[in-house]
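# Working through the structure, step by step
Take a look at the letters that make up each chain.
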Amino acid sequence: MKTKFALHEALEAHELLNFKNLSITKSFTMSGLVQDEQLKTILNQEVEFGTKFIHQLQNFLTDRSNEA
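A brief structural summary.

## Notes on the pattern of salt bridges
Taken as a whole and judged by the stated rule, the model has 2 salt bridges. Lys20 is the salt-bridge partner of Glu46, the closest N and O atoms lying 3.1 Å from each other. A residue pair is termed long-range when its members are at least 10 positions apart, and Glu46 in helix α2 (residues 37-65) and Lys20 in helix α1 (residues 7-31) qualify at 26 residues. When its relative accessible area of 23% is taken as the criterion, Glu46 is described as partly exposed. For the salt bridge of Lys52 with Glu48, the shortest nitrogen-to-oxygen distance reads 3.5 Å. One end of the pair, Lys52, and the other, Glu48, are both in helix α2, 4 residues apart, so they sit about a helical turn from each other.

## Description of the side chain of Ser31
By the secondary structure assignment, Ser31 is in helix α1. The exposure class assigned to Ser31 is buried, which follows from its relative accessible area of 8%. There is a polar contact of 2.8 Å between the side chain of Ser31 and the backbone oxygen of Phe28. If sequence neighbours within four positions are ignored, Ser31 has contacts with Lys40, Leu43 and Asn44.

## Some words on the environment of Asn21
Position of Asn21 among the secondary structure elements: in helix α1. Sequence separation between Asn21 and Val47 is 26 residues; the distance between their C-alpha atoms is 9.3 Å.

## Overview of the side chain of Ser27
By secondary structure assignment, the location of Ser27 is in helix α1. For Ser27, a relative accessible area of 9% corresponds to the buried category. Setting aside its immediate chain neighbours within four residues, Ser27 contacts Leu43, Glu46 and Val47.

## Details of the nonpolar core
Among the nonpolar cores identified, the biggest contains 7 residues, and these are Ala13, Leu17, Ile24, Val47, Ile54, Leu57 and Leu61. Contributions of two or more residues to this core are made by α1 and α2. At 4 residues, α2 tops the list of elements feeding residues into this core. Apart from the residues within four sequence positions on either side, Ile54 is in contact with Leu17, Lys20, Asn21 and Ile24.

Rules used in this analysis
Residues numbered from 1 in each chain as written. Predicted model: local features only at pLDDT ≥ 70, side-chain atom pairs only at ≥ 80, totals over all residues. Heavy atoms only, no water. Salt bridge = Lys/Arg side-chain N within 4 Å of Asp/Glu carboxyl O. Helix = DSSP H or I, 4+ residues; strand = E, 2+ residues; numbered from the N terminus. Buried < 20%, exposed > 50% of the residue type's maximum accessible area, 1.4 Å probe, protein only. Polar contact = N/O pair within 3.5 Å; in protein donor to acceptor, adjacent residues only side chain to side chain. Contact = heavy atoms within 4.5 Å. Core = buried A, V, L, I, M, F, W, Y, C linked by side-chain atoms within 4.5 Å.

Everything listed is a geometric property; what it means functionally is a separate question.
Next up, the structure:
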C-alpha cells in the first residue's frame, strides 16, 4: 500500500535535513581551519557521507511524495 507521509513525518524529515546541512557546513568550515591531518580527514569524510545521506533522503522523500 502506497501512502504519502503524515505531517509529523514530513516535519521530522525536514528537521533531519536541516541538522545534517548544518553539520556538513560546520565540518567543511572547520576542515579548512584545523592543522591536524587526521582530524581534517574525519571532517572531510563527514562532509562526504553527510552529502550522500542528504541526497538519499531527498530522493526517498521525493519518490514518496509523488505516490498517490
